[in-house]
Amino acid sequence: FGTAPRGAPPGRRPPPLVHRGYWARASATRATVSAFASATHSADVPVNIINIGAGFDTIAMYAYALMRGRVRVVELDHGEVVKGKMLRLRAAPDAERALGADEHLTNVRSTREDSGVMYTIGTAYALVECDVRDVERVEKVLVRSGIDLSAPTLVLAECVLAYLPQGKSNDIVRWFGERVRMGVFMSYDPIKPDDAFGRTMIRNVESRGCAFSGIYDAPDVASAARRFTANAWSRAEAYDMNTIYSEKLDPRERARIERIEWFDEFEEWRLIMGHYCISLGVNGMESFDAFAITA
């Protein structure tokens, strides 16, 4: 279902360093989803996952496998991405069934309104066109999706907030913080824009027609955590990806991954991983610990 990593030349295998970085990021996201599932399991209540800027990510399938029957997943992205993902799902009935479609796919629908296209599978999954730079539009499409934010909610934003216009990331974080009284917001972002590597990173993104316009909303690990506590989240934590990789992920799985592809570019690896971070805001879930299971 997935595609090669963005930016990889057609037919060329990305280097081991890139593979390992993707593994670390995906493993941290899965650890967060697993911790959310564990923290809400005893309550036996419906829960939500909202994936902002979801792209072609398959984390919804992982979440549905963990919390089948009690999770509602809503994914938001720009129209072209939503339509592309919808076509890929439509071409892969097994993927649709992994998101809750019935045997004959009779509960799979797509509808269009002024706010854009929405693709749904029963009541468990919705893929919705949305310009996430506009908080009012986000609110409108979430209302349209029928999601209930009074239920425990996990918000995911992987490499999204830094692309928003400066200041807009605070608006998004605050909007959810004021409405999600029991939940978690996880964000994965670039940091350190002002050193030599950071400036090169920004130029590379700009050369592809994009910009890290919002990177100065949280340019380091400490400010990534403060973005949550300053915007209606009761507690927060943040780590750069070096810390995530070496201290927060399952050491046995990490050792297995390291045996699959060997590399010796350790200085470059640490430099790259030090320029990305994961931050978490938490409201009302005292037992939630994203990395307790694997630490």
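Remember, it's a predicted structure, so these values are computed and weren't measured experimentally.

What counts as what
Residues numbered from 1 in each chain as written. Predicted model: local features only at pLDDT ≥ 70, side-chain atom pairs only at ≥ 80, totals over all residues. Heavy atoms only, no water. Helix = DSSP H or I, 4+ residues; strand = E, 2+ residues; numbered from the N terminus. Rg over C-alpha atoms; globule rule 2.2 N^0.38 Å. Buried < 20%, exposed > 50% of the residue type's maximum accessible area, 1.4 Å probe, protein only. Contact = heavy atoms within 4.5 Å. 1 Å grid on protein atoms, 1.4 Å probe; cavity = no way out; pocket = protein on both sides within 12 Å on 5 of 7 lines; lining within 4 Å. Points joined across faces, edges and corners; volume = space filled by probe spheres on them. Nonpolar A, V, L, I, M, F, W, Y, C, P; charged D, E, K, R; others polar. Pairing = 2+ DSSP bridges. Right-handed = clockwise from strand over helix to strand, strands pointing away. Salt bridge = Lys/Arg side-chain N within 4 Å of Asp/Glu carboxyl O. Phe/Tyr/Trp six-rings, centres within 6.5 Å; stacked < 30°, edge-to-face > 60°. Polar contact = N/O pair within 3.5 Å; in protein donor to acceptor, adjacent residues only side chain to side chain.

Caption draft 1: Seen up close, the overall build of the chain. Counting secondary structure elements, the chain contains 11 helices and nine strands. Taking 295 residues into account, the globule formula puts the C-alpha radius of gyration at 19 Å, and the chain, at 19 Å, falls close to it. With the C-alpha coordinates aligned to their principal axes, the bounding extent of the chain is approximately 50 × 45 × 40 Å. A buried classification covers 50% of the 295 residues belonging to the chain. Across the chain, the fraction of contacts at a sequence separation of at least 24, relative to all contacts at a separation of at least 6, is 77%.

Caption draft 2: Quick peek at empty space enclosed by the protein. Counting across every chain of the model gives one cavity of 30 Å³ or more. Taken together, 10 residues form the lining of the largest cavity, with Asp57, Thr58, Met61, Lys85 and Leu99 sitting closest to its centre. Where the lining of the largest cavity is concerned, the elements lending two or more residues are helix H2 (59-67) and helix H3 (79-90). Looking at the lining of the largest cavity residue by residue, the classes come out as six nonpolar, one polar and three charged.

Caption draft 3: The pairing of strand S1 (residues 47-52), seen in detail. Counting buried residues in S1 gives six out of six residues, a clear majority hidden from the surface. Alternating positions in S1 separate into two faces, Val47, Ile49 and Asn51 on one and Asn48, Ile50 and Ile52 on the other, with burial throughout. When S1 meets strand S2 (residues 71-77), the two strands line up parallel, connected through six bridges. The residue bridging Ile50 from the neighbouring strand is Val74, located in S2. What joins S1 to S2 is H2, and the crossover it makes is right-handed.

Caption draft 4: Geometry of the pattern of salt bridges. For the structure on display, the rule yields 11 salt bridges. Arg25 is the salt-bridge partner of Glu158, the closest N and O atoms lying 2.9 Å from each other. Taken together, the residues span a long stretch of sequence, with Glu158 in strand S6 (residues 153-158) and Arg25 in helix H1 (residues 16-41) at a distance of 133 residues. The class of Glu158 is buried, set by a relative accessible area of 12%. In this structure, Glu178 engages Arg179 in a salt bridge whose closest nitrogen and oxygen atoms are separated by 3.7 Å. Overall, Glu178 belongs to the partly exposed group, its relative accessible area being 46%. Using a relative accessible area of 32% as the deciding quantity, one classes Arg179 as partly exposed.

Caption draft 5: Here's a closer look at the packing of aromatic side chains. For the coordinates displayed, the defined rule picks out 13 aromatic pairs. Plain terms: the ring middles of Tyr119 and Tyr125 are 6.4 Å apart, the flat faces sit at 80° to each other, and that makes the pair edge-to-face. Through a chain of ring-to-ring contacts, three or more aromatic side chains come together here, namely Trp23, Tyr245, Phe263, Phe266 and Trp269.

Caption draft 6: Just the environment of Asn231, in detail. With respect to the element layout, Asn231 can be found in the loop between helix H8 (221-229) and strand S8 (235-240). By relative accessible area, Asn231 is classed as buried at 3%. In the structure, Asn231 is positioned 56 residues away from Trp175 in sequence and 8.2 Å away in space, judged by C-alpha atoms. If we ignore the near neighbours within four places in the chain, the residues touching Asn231 are Asn170, Val173, Arg174 and Gly177. Within the structure, the side chain of Asn231 is placed 2.7 Å from the backbone oxygen of Arg227, a separation counted as a polar contact.

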